[in-house]
Amino acid sequence: MKASWEKIEKNLGVLTVEVEPEKVNTALDKAFKKVVAKVTVPGFRKGKVPRAIFEKRYGVESLYQDALDILLPESYFEAVRETGIEPIDLPDIEVEQFGKGQELKFTAKVQVKPEVKLGQYKGLEVEEQEVTVTSEEIDAELKRLQQRHAELVVVDEGAAQMGDVTVIDFEGFLDGQPFEGGKAEKFQLELGSGSFIPGFEDQIVGMELGDEKDIEVTFPEDYHSEQLKGKKAVFKVKLHDIKRKNLPEIDDEFAKDVSEFDTLEQFKQDIEKRLREQKEQEQKRAKESAVVEKAAANAELEIPPVMIDQEINRMLQDFGNRLRMQGMNLDLYYQYSGQTEEKLKEQWRGEAENRVRNTLVLEAIAAAENIEASEKDVQSELENMASIYQRPADELRSILEKNGNLESLKNDLAIRKTIDFLVEHSKSVSNAAQPR
């Protein structure tokens, strides 16, 4: 097979391909085996019609489309590998010659990844703050744990207070008419949690057991439901139960109950260590993000719109998967949020373009610095995945190879190594040293 690539403009070019007559004839043989199984000719059993009789009756041309369906994809991908181009979209193929005993000649108009002209990517200055954990942050974590381990005690008399857990019935009305999704019975609501629209929880404070009350609120202008945003509503509320938190003392006994430590001081030291590690990880991610953004900003490239659209579709698919994990789907999300697929995609366009730009620049840096994922890198990642999914690493490798995703894993690992390279070759600038 012969293949050549000619660039027309920017990231658009033409792939010219010639395939040997032998491969054409082999494809016609395969096409005949497929077609003859469905053909009925008087005097012959189904699938047993001789090739010569079939061609005399129907013509060899009747096999051409099936043969092309077999031969074109494999020839196109072989030509892509041979020329080393990286298509970003489906090709526009035009067959110029095809016939029994002849060469297959076709052209494919293809969009490929854009060229990236790298700017400075080594020695980039990145702000870095000293990681510190304050006593206030440690106390805040202790109070969070105190709230989490509080005992709920039923209140027999008295009024509801902020911080109480209440059990209520409610029904919402717009202009005197109930609206969908605005009703619930024996609903458990923690006052002060911010679970409901502003003003609702505040008005339950002061209610006593058995009280009924009309609560007037206004839905925020940015509320997810088009029907309700900015509207005034009345909720008829009945208070059934009040449960008050009995907070444990923060002392050595508390430390023993909620941790593996014997004293509060030991527990505080562990909290400080965990908060520090968390902050260090956050700073590491922030530094990686900053250095990638700077390297991308210094590069010159023109991103084809199709790559942005593809990234938006990936983002939509990921979002749909996350919704399904929460027992929801995109259709329900659109219904309750008042969003549409078109609006959502448009909101993500800027982020998608940024993602594509960063990826293209990282790939260009990897190529310039000969950064690749080694077999050791791949095996290490497979072992990490094996520990997460509780499946043997060899089995995961086999699955990835079968699905054609092992190369994607290698590319992802190369990108990670490239980010590490950028961080390693960056210059940290203390935030305190920056001019105000």
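Coordinates for the structure precede this section.
All values derive from a computational prediction rather than experimental measurement. (Residues numbered from 1 in each chain as written. Predicted model: local features only at pLDDT ≥ 70, side-chain atom pairs only at ≥ 80, totals over all residues. Heavy atoms only, no water.)

Here we come to helix α13 (residues 406-424). Here α13 is 19 residues long and its end C-alpha atoms lie 27 Å apart, about the 27 Å a rise of 1.5 Å per residue gives. Taken residue by residue, α13 has Leu406, Leu409, Leu413, Ala414, Ile415, Thr418, Ile419, Phe421 and Leu422 as its buried positions. In this fold, the buried residues of α13 make contact with α7 (264-297), α10 (341-368), α11 (375-389) and α12 (393-403). (Helix = DSSP H or I, 4+ residues; strand = E, 2+ residues; numbered from the N terminus. Expected span 1.5 Å × (residues − 1). Buried < 20%, exposed > 50% of the residue type's maximum accessible area, 1.4 Å probe, protein only. Contact = heavy atoms within 4.5 Å.)

Moving on to the pattern of salt bridges. Applying the stated criterion across every chain, the model contains 30 salt bridges. Salt-bridge contacts for arginine 244 lead to aspartate 164; the nearest nitrogen and oxygen are separated by 2.9 Å. Here arginine 244, found in strand β10 (residues 232-246), pairs with aspartate 164, found in the loop between β6 (151-154) and β7 (165-174); they are 80 residues apart in sequence, far enough to count as distant. What makes aspartate 164 buried here is its relative accessible area of 2%. Close ionic contact of lysine 417 with aspartate 377 constitutes a salt bridge, the shortest N to O distance being 2.8 Å. Of this pair, lysine 417 sits in helix α13 while aspartate 377 sits in helix α11, and the two are 40 residues apart along the sequence. Overlapping salt bridges, with partners in common, bring together Asp29, Arg51, Glu55 and Lys100 in one network. (Salt bridge = Lys/Arg side-chain N within 4 Å of Asp/Glu carboxyl O.)

Moving on, we come to the sheet that holds strand β3 (residues 92-97). Reading across the sheet, the 4 strands line up as β1-β2-β4-β3 and stay open at both edges, with antiparallel pairing between neighbours. Two strands bound the open sheet, and with one partner strand each, they are β1 (2-9) and β3. For this sheet the average axis-to-axis angle between neighbouring strands, irrespective of direction, equals 20°. With 8 bridges connecting them, strand β2 (residues 12-19) and strand β4 (residues 104-111) associate as antiparallel partners. Across the sheet, residue leucine 12 finds its bridge partner in β4, namely glutamine 111. Contacts from helix α3 (residues 64-83) reach β1, β2, β3 and β4 within the one sheet, and its direction differs from that of β4 by about 60°. (Pairing = 2+ DSSP bridges. Axes fitted to C-alpha atoms, helices over the stretch in contact; angles between N-to-C directions.)

Further remarks concern the layout of surface pockets. The computed volume of the largest pocket comes to approximately 1200 Å³. Glu86, Lys113, Glu363, Glu407 and Asn411 are, among the 36 residues lining the largest pocket, the residues nearest its centre. Elements with a minimum of two residues in the lining of the largest pocket: α3, α10, α11 and α13. Among the residues forming the lining of the largest pocket, the class breakdown is 20 nonpolar, 6 polar and 10 charged. Counted as a void, the second largest pocket has a volume near 630 Å³. (1 Å grid on protein atoms, 1.4 Å probe; cavity = no way out; pocket = protein on both sides within 12 Å on 5 of 7 lines; lining within 4 Å. Points joined across faces, edges and corners; volume = space filled by probe spheres on them. Nonpolar A, V, L, I, M, F, W, Y, C, P; charged D, E, K, R; others polar.)

Ranked by size, the top nonpolar core spans 34 residues in total, and within it Met307 and Leu422 carry the most contacts. Every element with two or more residues in this core is listed here: α7, α8 (305-325), α10 and α13. Here this core gets 9 residues from one element, more than from any other, and that element is α10. When sequence neighbours within four positions are dropped, the list of residues in contact with methionine 307 reads Ile88, Lys113, Pro114, Val356 and Leu360. By size, the runner-up hydrophobic cluster in this structure holds 33 residues, among which are Met1, Val39, Ala79 and Val80. (Core = buried A, V, L, I, M, F, W, Y, C linked by side-chain atoms within 4.5 Å.)

It is worth spelling out the pairing of β4 at this point. Examined bridge by bridge, β3 and β4 share 5 bridges and lie antiparallel to one another. By the bridge assignment, glutamate 94 is partnered in β4 with threonine 107. Counted between consecutive antiparallel strands, the loop separating β3 from β4 contains 6 residues, among which glycine 101 sits at a positive phi close to 75°.

Moving on, we get to the environment of tyrosine 64. Secondary-structure assignment places tyrosine 64 in helix α3. Given a relative accessible area of 19%, tyrosine 64 falls into the buried group. As for tyrosine 64 and proline 91, which are separated by 27 residues in sequence, their C-alpha atoms are 20 Å apart.

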